[in-house]
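# A structural walkthrough
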Amino acid sequence: MTKKYILLTLAALLLLASCTKEGSTIYKPNPDEEQAPTTPLVTVIYGPNSLGDRSYCDLIYKGIEEAAQRYGVRTLQLSPESEEQGYVYLETMFQQMENLNDTVRRLFITPSPVFDAYIRANNHRLEKNPHADLLYMETTTPLEGKGSTLYLDYYGAMYMGGCMVHYSSKELVSLVLANPYTQSVVEAAEGFRAGFNDTPQYGKYNVALHEFFLSNEPGGGFTLSDTTAIRIYEDERGWLNNRHNNDVTFVPICGGSMHPLIRAVRALNVLDTYVGIDGDMSDDKGFCVFSILKHIDKVMTDYVGMWLNGTMPKHQTLGLADGATDVVVSDYRFSSLYESETGRAYWDKILNIDSLRQVAIKKEGERYEKK
């Protein structure tokens, strides 16, 4: 299936029959003409400028296209250039899905909390079409009326990352967050902070934790210019002036904004490192010490399958215990700590990752029960 981003068009999908100019005869399609497809259609509308982030949204794209190959569905994946354009896409989608009277199954997915109020105000419109359904992601609050919700809880995997960073950093950990309003960002930060605070300092190193938001706007902070990234990087390094070890580990929980920060780390100081977020970045052996993963690509493929067989749940929260999130270590050489050890051998020497995972699963479960 061709992978391209296109605008929604209604005419070909809506007009299955029409009147003649006299208005008395119903037009019947010529059997030799190309017929409207009846294959199930999965449409994804992302947040503004989200595709191309090389992390969460790109993994969703990958999972949906894998579902197309596995189940033979059609896909349409749309990345609006602005919030306003996103609302146009959404309104077009709702108009289409509530007015069509064919029997083609259609699933509409949106992973962006930017459109939360609009989705919740309009999902009832899908009740007019028994063949249309909705999956709204990144929320723990189920929809009233038609539609399902899905949330990937990052708390447990981030708890693991907060523990592990003590053993890979020597001076400063910089936790860079998109904004204080996006639930997944806030809860990821809570998990990382809890793991960091629950772990004693390692050896002679007294690691500090800095936290700051890139934006104070709902939905903001997921895009960042290279110039701003360099300024942030230099500000954090400025805190290290006159310190012995003089290194920073960046933990960027900010979507596509992580990549300008990673470029700054890679270009400006070979001593500094980062933690990969959402996707596996362990191939960047000289800079990425470990990655905290969301296996949203696999989850998306599985969800399309559940939708097709009628088992998509009304709401589901998945996390570390479900294998939806995890941590993978890089083949990074910790030369200042263990000269000859790299990757998993290093972590096995100082920390049992499998045991830590079980602790983090317990922490994630306890927190979920309290909510």
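The rules behind each value
All chains use their own residue numbering, which begins from 1 and follows the written sequence. This being a predicted model, a pLDDT of at least 70 is required before a residue's local features are given, and a value of 80 or more before pairs of side-chain atoms are given or counted; all residues contribute to the totals for chains, interfaces and linings. With hydrogens and water set aside, each side-chain value is computed from the structure's full complement of heavy atoms. The score called pLDDT rates the predictor's confidence residue by residue, from a low of 0 to a high of 100. Throughout, a residue-residue contact means that at least one pair of heavy atoms, one from each residue, lies within 4.5 Å. DSSP calls a pair of strands paired once it identifies at least 2 bridges connecting them. Helix numbering and strand numbering both begin at the N terminus, where a helix is a DSSP run of H or I of at least 4 residues and a strand a DSSP run of E of at least 2. Helix axes are fitted only over the stretch in contact, all axes being lines through C-alpha atoms; the angle between N-to-C directions runs from 0 to 180 degrees. Note on classification: 1.4 Å probe, protein chains only; a residue is buried when its accessible area is under 20% of the maximum for its type, exposed when over 50%, partly exposed between these limits. In this tally, Lys and Arg are treated as positive and Asp and Glu as negative; His is ignored, and so are the chain termini. Any carboxyl oxygen of Asp or Glu within 4 Å of a side-chain nitrogen of Lys or Arg constitutes a salt bridge here. In protein, a polar contact means a hydrogen-donor-capable atom and an acceptor-capable atom, both N or O and within 3.5 Å, with residues adjacent in sequence counting only if both atoms are side-chain atoms; elsewhere, any N or O pair within 3.5 Å suffices. A crossover counts as right-handed when, viewed with the strands pointing away from the observer, the path leading from the first strand over the helix to the second turns clockwise. Here the expected length of a helix is defined as 1.5 Å per residue gap, with one fewer gap than residues. Residues grouped as a nonpolar core are buried Ala, Val, Leu, Ile, Met, Phe, Trp, Tyr and Cys residues, joined through side-chain atoms within 4.5 Å.

### Remarks on the confidence of the model for the protein
When pLDDT is averaged along the protein, the result is 84, and 84% of the positions lie at 70 or above. Long-range and interchain partners of residues 1-30, a stretch whose pLDDT sits below 50, account for 42 contacts in this model, where long-range means more than four residues apart.

### What about the sheet that holds strand β2 (residues 74-78)?
Backbone-to-backbone hydrogen bonds join strands into a sheet, with any given pair of strands oriented parallel or antiparallel. Taken in spatial order, the six strands make up an open sheet running β2-β1-β3-β4-β5-β11, and their pairing is parallel. Sheet topology places β2 and β11 (315-318) at the edges, where each strand pairs with a single neighbour. For this sheet the average axis-to-axis angle between neighbouring strands, irrespective of direction, equals 15 degrees. Both strand β3 (residues 106-110) and strand β4 (residues 132-137) contribute to a ladder of five bridges, which runs parallel. Bridged to F108 within β4 is L134. Running at roughly 160 degrees to β3, helix α3 (residues 83-99) makes contact with β1 (41-45), β2, β3 and β4 of the sheet. The sheet strands contacting helix α9 (residues 296-308) are β1, β3, β4, β5 (148-152) and β11, and the helix crosses β5 at an angle near 160 degrees.

### Focus: the side chain of E364
Inspection of the secondary structure puts E364 in helix α11 (residues 353-370). Summary of buried charges: E364 has no salt-bridge partner, and the nearest side chain of opposite charge, R367, is 6.4 Å away. A polar contact is formed between the side chain of E364 and the backbone nitrogen of G156, at a distance of 2.8 Å. Beyond its immediate chain neighbours, meaning those up to four positions away, E364 contacts D153, Y154, Y155, G156, A157, G319, L320 and A321.

### What about the pairing of β1?
Of all five residues in β1, five are buried; the element is thus mostly enclosed. Of the two faces of β1, the one lined by L41, T43 and I45 and the one lined by V42 and V44 are each fully buried. Pairing between β1 and β2: five bridges, direction parallel. Bridge pairing in β2 links T43 to L76. Taken together, β1, helix α2 (residues 56-71) and β2 form a β-α-β motif whose crossover is right-handed. When β1 meets β3, the two strands line up parallel, connected through four bridges. When the bridges of β3 are listed, V44 appears paired with I109.

### Some remarks on helix α7 (residues 226-238)
The terminal C-alpha atoms of α7, which comprises 13 residues, lie 18 Å apart, in line with the 18 Å expected from a rise of 1.5 Å per residue. On the buried face of α7, the contacting elements are β6 (172-177), β7 (208-213), β8 (248-253) and α8 (258-268).

### Topic: the nonpolar core
Ranked by internal contacts, the top residues of the largest apolar core, which has 58 residues, are M164, F290, I292 and W347. Setting aside chain neighbours within four positions, we find M164 in contact with F290, V327, V329, W347, L351, I353 and L356.

### Some thoughts on unusual backbone geometry
Positive phi outside glycine occurs at N49, with the angle close to 55 degrees. Summarising the element assignment, N49 is placed in the loop between β1 and α2. The exposure class assigned to N49 is partly exposed, which follows from its relative accessible area of 45%. A positive phi angle, near 65 degrees, is found at E138, a position not held by glycine.

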